[in-house]
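# Structural characterization, general
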Amino acid sequence: MAKRLKDKKMRTRNHEVVLNRSVGGDLGINIFLVIMGLFMFLPMLYTVLQSLKPLDELFYYPPRFFVRNPTLKNFTDLLRLMGTSWVPFSRYIFNTIFITACGVAGQLVFASIAAYALSKVKFPGRGFFFKLIRYSLMFSSTVTSITSFIIISSLGWMDTYLAIIIPAWGTTLGLYLMKQFMESNITDEMLESARIDGATELRIFWAIAMPMVKPAWLTLIIMSFQGLWQSGSSIYIHSEQLKTFSYAISQILATSIARSGAAAASGVIMMIVPIFVFVISQSNIIETMGTSGMKD
Amino acid sequence: MSEKAVKRPVARKDMTKLQWTLKEMRRNYIGYIFIAPFMFIFFLFTVIPVALSLVVSLTNFNMMEWPDFIFMDNYIRLFLDDDLFITALKNTIIFAVITGPTSYFLSLFTAWFINELPPKIRAIITLIFYAPSISGGALMIWQVLFANDSYGWANGWLLKLGIIDTPILWFYDVKYIMPLCIIVSLWTSLGTSFLAFIAGLQGINRSLFEAGAMDGIKNRWQELWFITLPSMKDQLMFGAVMAITGAFGYGGIVTALCGFPSTDYAAYTISHHLDDYGGSRYEIGYASAISFVLFMMMMGSNLLIQKLLKKVGQ
């Protein structure tokens, strides 16, 4: 608010638009934002509305956007559909929670201690290692999927949780963001005085560095969580009882309109968790992204 | 600083470079211990697979028999004797060329437009634009909107208004597959780079704009080019990497919407070709060649764009 008032003041004081904001431009920008906002938001809203529609409303012609008599029947149907699969529904939920929890925990521990070393311990070769991390952001895991498959199968990890959890620990985006954040938010002086007092590096990392980079590790947790929470079918997992919630839910596809209510309900369940997590942590994520820049 | 001098009686200039490095390595050995667990996993599942895919791509490995080196044969077969790969290559490039830059500029301009709004409103708009990229589950709504029968949103209204008389098979009609997949991809594409741009813009010192206005910046576009973008160059680089890497990786969305393979391979991409040869046929050598081509495309365009971005504001 204060910023806006200041803009206005500057405009009137000098009898010219000091900050170069034309009314036409403002109007154009707002129109753009509204159109884009609708494009982004309406499908999300429609997912929610569709999930609340009773069967007869799914068959309206022409289709209606809003729901007349909202019902939770699609959600109970979904539970019933899932109850008919021979692996108990709770098992899929357990699998997802287990994979997500182990994956996130390992990634947090390994990536943050490595980020600390790369940004604050002056060992020879750290530049080389960080360069590798930076380059790794330039290609997606699709590239490594074939040869990772060979490695994982030769390790004997096929059809185990390990095949999903361990590779997730080596995800580089979280480490990259954390290293950049530590670099600009922790000064060497603070660490140096602790070193002089005789604290071990592990203790400095844990007691001094980590509390100072809370936004960065929250961001790391959230990014790692988002990836793992949605991990669905995997080429590594064959046993039905090891498959995830996301996989189970994707089996109920929107193949017919009658099922589209249940499918929308499953969409709502899958998206509500990551969105909720983002809402409560948004300011921390944006703060972390402030140092995400790539320098040469 | 004096403590350090006591600890290190021999000055740096009296040592060879190797001696100095070894000494520093000993002094900071803890750094290697700290990065070791992460680097072990990173090497095992990222660095080694990339190197391995180059080696394996020169063989006819199929997971059953002992492989022979066939050198460039896989690559020759890819480019000269595999029409489907050329289709996949073409579609991947079309996808990347359209969705990469579009999502990048969409992220950048949206972030720029909302930058001066009050924080609460900015947070809400950020959520609305970012949400589709993290809600994989909501992808199915596009199948409802563009369903094959008249109960789908698009068909229902087009029929009602008399524009068409039979429902269009949206995700199965060669004419509509690519455009629709591109639209849905864009819908999910305001992700990490978007957040990085928002943060980058927030971090710019406002007094720069005021100084710029005094120095004769005439409109907001000049301000963007001469002040805003140069001040957030590092974020622009990071955002580009995220956008490019994402743009070449599409495949999952197409499979989710159109099934596999899409009608007449209309939206068949390199990652589909990779899944087909690697995941179904176990022609690992050939699949590795495909993944190495994809790797080179991603790295090449990333490094090229990094070079271009260095020119921003100059």
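Owing to the predicted nature of the structure, the values given are computational and were not obtained by experimental measurement. Every chain is numbered on its own, with residues counted from 1 as its sequence reads. Chain letters start at A and ligand numbers start at 1, both assigned in the order the entries are written. Predicted model: local features are reported for residues with pLDDT of at least 70 only, side-chain atom pairs are reported and counted for 80 or more only, and whole-chain, interface and lining totals are derived from all residues. Note: side-chain values were computed over all heavy atoms of the structure, leaving out hydrogens and water.

## A few points about the overall build of chain A
- Strands here are runs of E lasting at least two residues and helices are runs of H or I lasting at least four, both read from the DSSP assignment and numbered beginning at the N terminus. A tally of helices and strands in chain A yields 14 helices and zero strands.
- Along chain A, from the amino end to the carboxyl end, the secondary structure elements read α-α-α-α-α-α-α-α-α-α-α-α-α-α.
- Looking at chain A residue by residue over its 296 residues, the buried ones come to 52%.
- Here the contacts in chain A between residues at least 6 apart in sequence split such that 74% fall between residues at least 24 apart. The rule is simple: take the accessible area with a 1.4 Å probe, protein chains only, and divide by the maximum for that residue type; under 20% is buried, over 50% is exposed, in between is partly exposed. Any two residues whose heavy atoms approach within 4.5 Å at even a single point are treated as in contact.

## Here we look at the interface of chain B and chain A
- Tallying the contact residues gives 104 residues for chain B and 108 residues for chain A.
- Contact between chain B and chain A buries roughly 9300 Å² in total, counting both sides, with carbon and sulfur atoms accounting for 76%.
- Once two parts are put together, the accessible area they lose, assessed with a 1.4 Å probe and summed over both, is termed the buried area. Summed over the three residues of chain B that lose the most area to chain A, namely B:Phe34, B:Phe38 and B:Arg220, the buried surface amounts to 9% of that side.
- The working definition used for a salt bridge is a side-chain nitrogen of Lys or Arg within 4 Å of a carboxyl oxygen of Asp or Glu. At the boundary of chain B with chain A, the tally comes to one salt bridge.
- One salt bridge in this structure joins B:Arg220 and A:Asp26, with 2.8 Å as the shortest N-O distance.

## Considerations on the pattern of salt bridges
All names here are of chain A.
- What the rule picks out here adds up to 10 salt bridges over all chains.
- Its salt-bridge partner being Asp-188, residue Lys-120 comes within 3.2 Å of it at the nearest N-O pair. Taken together, the residues span a long stretch of sequence, with Lys-120 in helix α5 (residues 89-120) and Asp-188 in helix α10 (residues 188-196) at a distance of 68 residues.
- You can call Lys-120 buried: its relative accessible area is 6%.
- Residues joined in a network through salt bridges with shared partners are Lys-120, Lys-122 and Asp-188.

## Section: the confidence of the model for chain A
Residues and elements named next belong to chain A.
- Averaged over all residues, the pLDDT of chain A is 84; the fraction at 70 or higher stands at 89%.
- Known as pLDDT, the predictor's per-residue confidence is scaled from 0 to 100. Looking across chain A, the model is least confident in helix α1 (residues 2-13), with a mean pLDDT of 45, and most confident in helix α6 (residues 126-136), with 94.
- The low-confidence segment residues 1-6, where pLDDT is below 50, has four contacts with residues more than four positions distant or belonging to other chains.
- Here residues 8-17 is a poorly scored stretch, pLDDT under 50, and it has seven contacts once near neighbours within four places are set aside; other chains count.

## Brief notes about helix α6 (residues 119-134) of chain B
- Taking 1.5 Å of rise per residue, 16 residues should cover 22 Å, and α6(B) covers 22 Å from first to last C-alpha, within 8% of that figure.
- All of the buried residues in α6(B) are B:Arg122, B:Ile125, B:Thr126, B:Phe129, B:Tyr130, B:Ala131, B:Pro132 and B:Ile134. The span you would expect from a helix comes to 1.5 Å times its residue count less one.

## Section: the domain arrangement of chain A
All names here are of chain A.
- Where each domain starts and ends follows an automatic or database-derived domain assignment. Its domain assignment divides chain A into domain 1 (1-51) and domain 2 (86-289).
- With five residues of domain 1 at the interface, the matching set in domain 2 holds seven residues.
- The tally of links from domain 1 across to domain 2 stands at zero salt bridges.
- Polar contacts, as used here, are pairs of N or O atoms within 3.5 Å; protein pairs need one atom able to donate a hydrogen and one able to accept it. Residues neighboring in sequence count only if both atoms are side-chain atoms. Counting the contacts that link domain 1 with domain 2 gives zero residue pairs in polar contact (both at pLDDT 80 or more).
- Classes in brief: Ala, Val, Leu, Ile, Met, Phe, Trp, Tyr, Cys and Pro nonpolar; Asp, Glu, Lys and Arg charged; the others, Gly included, polar. Looking at the side of domain 1 that touches domain 2, its residues break down into two nonpolar, three polar and no charged.

## Some details on the confidence of the model for chain B
All names here are of chain B.
- Chain-level pLDDT for chain B is 87 on average; 96% of the residues reach the 70-or-more range.
- Of all the helices and strands in chain B, helix α1 (residues 2-7) carries the lowest mean pLDDT, 49, while helix α3 (residues 29-56) carries the highest, 94.
- Across residues 1-5, confidence stays below pLDDT 50; counting only partners more than four residues off in sequence or on other chains, it has two contacts.

## Describing the packing of α10(A) against helix α11 (residues 201-212) of chain A
All names here are of chain A.
- Running from N to C, α10 and α11 point in directions that differ by 150 degrees, and their axes come no closer than 10 Å. Of the two possible hands of crossing, α10 and α11 adopt the one that is right-handed. Here Met-190, Leu-191, Ala-194 and Arg-195 of α10 lie close against α11, whose contacting residues are Glu-201, Ile-204, Ile-208 and Met-212.
- Taken together, the residues that form the contact of α10 with α11 break down as six nonpolar, no polar and two charged. Lines fitted to C-alpha atoms define the axes here, with helix axes fitted over just the stretch in contact, and angles between the N-to-C directions of these axes take values from 0 to 180 degrees. Crossings are assigned a handedness: left-handed for a near helix turned anticlockwise from the far helix by less than a right angle, right-handed for a clockwise turn.

## Focus on the domain arrangement of chain B
Residue and element names in this part refer to chain B.
- In terms of domain boundaries, chain B breaks down into domain 1 (1-56) and domain 2 (78-309).
- Listed by partner, the interface residues are four residues for domain 1 and six residues for domain 2.
- Counting the surface lost from both domain 1 and domain 2, the interface buries some 400 Å², and carbon and sulfur atoms represent 77% of this.
- Put simply, domain 1 and domain 2 have zero salt bridges between them.
- Across the side of domain 1 that touches domain 2, the residue classes break down as three nonpolar, one polar and no charged.

## Observations regarding the environment of B:Ser185
Residues and elements named next belong to chain B.
- Mapped onto the elements, Ser-185 comes out in helix α9 (residues 174-187).
- Assessed through its relative accessible area of 1%, Ser-185 is described here as buried.
- With 65 residues separating them along the chain, Ser-185 and Tyr-250 place their C-alpha atoms 7.9 Å apart.
- Setting aside residues up to four positions removed in sequence, Ser-185 forms contacts with Phe-95, Thr-99, Tyr-250 and Ile-253.

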